[in-house]
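Spelled out from the first residue to the last, the chains are:
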Amino acid sequence: MTRDEVVGQLKSLIEEGEQVLSTSHTVNGIIGGPWVNSKQYDLWRAKSLFILREILPVNQQGEISRLEEKSTSLTSLANKMQSQLKSALSFIQEGIISVGEGAGSDTDELIQRVLSSFPDVIDSLRRRHSGRPSIDITDEYDVQDILRSIYKSLFRDVRDEESVPSFAGKNSRVDLFLKDECRFIEVKMTRKGLEDKRIGEELAIDIPQYREHPGCAKLYCFVYDPERRLKNPTGLINDLERVDPGFVKVVVSR
């Protein structure tokens, strides 16, 4: 992530921490506490630990390790986590901790070029020497496998099936995660029954959930449409990119 992206993530987590701390309460007849709302705390804690692990030098992660071992939602632990977030933000703003420049326009251009040229890649793979059997692309898992192979040659850390925080009770995994570049790639391939409306609905539900992942600065929704089943690809692109402008980029290849 870039410095600005890290600062933005930390500020957002600090604001969320204030909301968590506002739920602090005690329970009559029960010794201990006070506690905060466990559902809000657990999600906030997971996101906070992730980003702190990513940006803090190893020699400054002692307190993080201790917080990682705790799972109870005590207000005192929430306060310690909030203090860690504020300290990390202060250290970055004062230049005590340096944050890399991360992904930029060149990276995004490369990601998009691979997605846009995917049909050409498939055409090349099908034209094999000496009449050898063609490579068939039957579903989005085949698309995902090929994209992973391409991106592994371009980026250092490409991960499959990255877990994302639960959202409205729904757990999910994004197809590809370019970790150092902080980019998600969600893959769809059209088929009978999976066309404009359904693809749009599925991705629109996923977008807010992916937004919650602290390691994602941008989401690419890739739709491979070799049989040209999409009736209005431009409308699909516009509708999805309006869900979260600047965060979502939709690429349709046919």
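Provided above is the structure to which this section pertains.
Describing the pattern of salt bridges
Pairing is possible between side chains that carry opposite charge, provided their charged atoms lie close to one another.
For step 1, the next point in the chain: Under the defined criterion, the tally for this structure stands at 18 salt bridges.
For step 2, the next point in the chain: Its salt-bridge partner being Arg113, residue Glu109 comes within 3.7 Å of it at the nearest N-O pair. Remark: Arg113 and Glu109 occur in helix α5 (residues 105–116); sequence separation between them is four residues, near one turn of the helix.
For step 3, the next point in the chain: In this structure Glu109 comes out as partly exposed when scored by relative accessible area, which is 48%.
For step 4, the next point in the chain: Arg156 is paired through a salt bridge with Asp180; the nearest N and O atoms lie 2.8 Å apart. Of this pair, Arg156 sits in the loop between α7 (140–152) and β1 (158–167) while Asp180 is found in the loop between β2 (170–178) and β3 (183–189), placing the two residues 24 residues apart along the sequence.
For step 5, the next point in the chain: Taking the relative accessible area as the measure of exposure, Arg156 reaches 72% and is therefore exposed.
For step 6, the next point in the chain: A residue is classified by how much of its surface remains accessible, and Asp180, at 26% relative accessible area, is partly exposed.

Digging into helix α4 (residues 75–93)
Since there are 3.6 residues in each turn of an α-helix, residues three or four apart along the chain are aligned in direction.
For step 1, the next point in the chain: Over its 19 residues, α4 extends 27 Å from the first C-alpha to the last, a length consistent with the 27 Å expected when each residue adds 1.5 Å.
For step 2, the next point in the chain: The set of residues buried in α4 consists of Thr75, Leu77, Ala78, Met81, Gln82, Gln84, Leu85, Ala88, Leu89 and Ile92.
For step 3, the next point in the chain: Where α4 is buried, its residues meet α1 (3–21), α2 (38–55) and α3 (62–68).
For step 4, the next point in the chain: Within two residues after α4, Gly95 carries a phi angle of roughly 80 degrees, on the positive side.

A short note on the packing of helix α6 (residues 118–126) against α7
For step 1, the next point in the chain: Remark: α6 packs on α7, axes separated minimally by 12 Å, with the N-to-C direction vectors making an angle of 95 degrees. Compared by their axis directions, α6 and α7 come out roughly perpendicular. When α6 is examined against α7, the residues Phe118, Val121, Ile122 and Leu125 are found in contact with a partner set consisting of Val143, Ile146, Leu147 and Ile150.
For step 2, the next point in the chain: Across the contact of α6 with α7, the residue classes tally to eight nonpolar, no polar and no charged.

So, the packing of α2 against α4
For step 1, the next point in the chain: Interaxial distance between α2 and α4 falls to 11 Å at its minimum, and their mutual angle equals 35 degrees. Here α2 and α4 pass one another in a crossing that is left-handed. Contact with α2, carried on its side by Tyr41, Trp44, Arg45, Ser48, Leu49, Leu52 and Ile55, involves Leu77, Ala78, Met81, Gln82, Gln84, Leu85, Ala88 and Ile92 of α4 and no other residues of that element.
For step 2, the next point in the chain: Here the contact of α2 with α4 is composed, by residue class, of eleven nonpolar, three polar and one charged.

Procedures and definitions
- Residues numbered from 1 in each chain as written.
- Predicted model: local features only at pLDDT ≥ 70, side-chain atom pairs only at ≥ 80, totals over all residues.
- Heavy atoms only, no water.
- Salt bridge = Lys/Arg side-chain N within 4 Å of Asp/Glu carboxyl O.
- Helix = DSSP H or I, 4+ residues; strand = E, 2+ residues; numbered from the N terminus.
- Buried < 20%, exposed > 50% of the residue type's maximum accessible area, 1.4 Å probe, protein only.
- Expected span 1.5 Å × (residues − 1).
- Contact = heavy atoms within 4.5 Å.
- Axes fitted to C-alpha atoms, helices over the stretch in contact; angles between N-to-C directions.
- Parallel < 35°, antiparallel > 145°, perpendicular 65-115°, else oblique.
- Nonpolar A, V, L, I, M, F, W, Y, C, P; charged D, E, K, R; others polar.
- Left-handed = near helix turned anticlockwise from the far one by under 90°.

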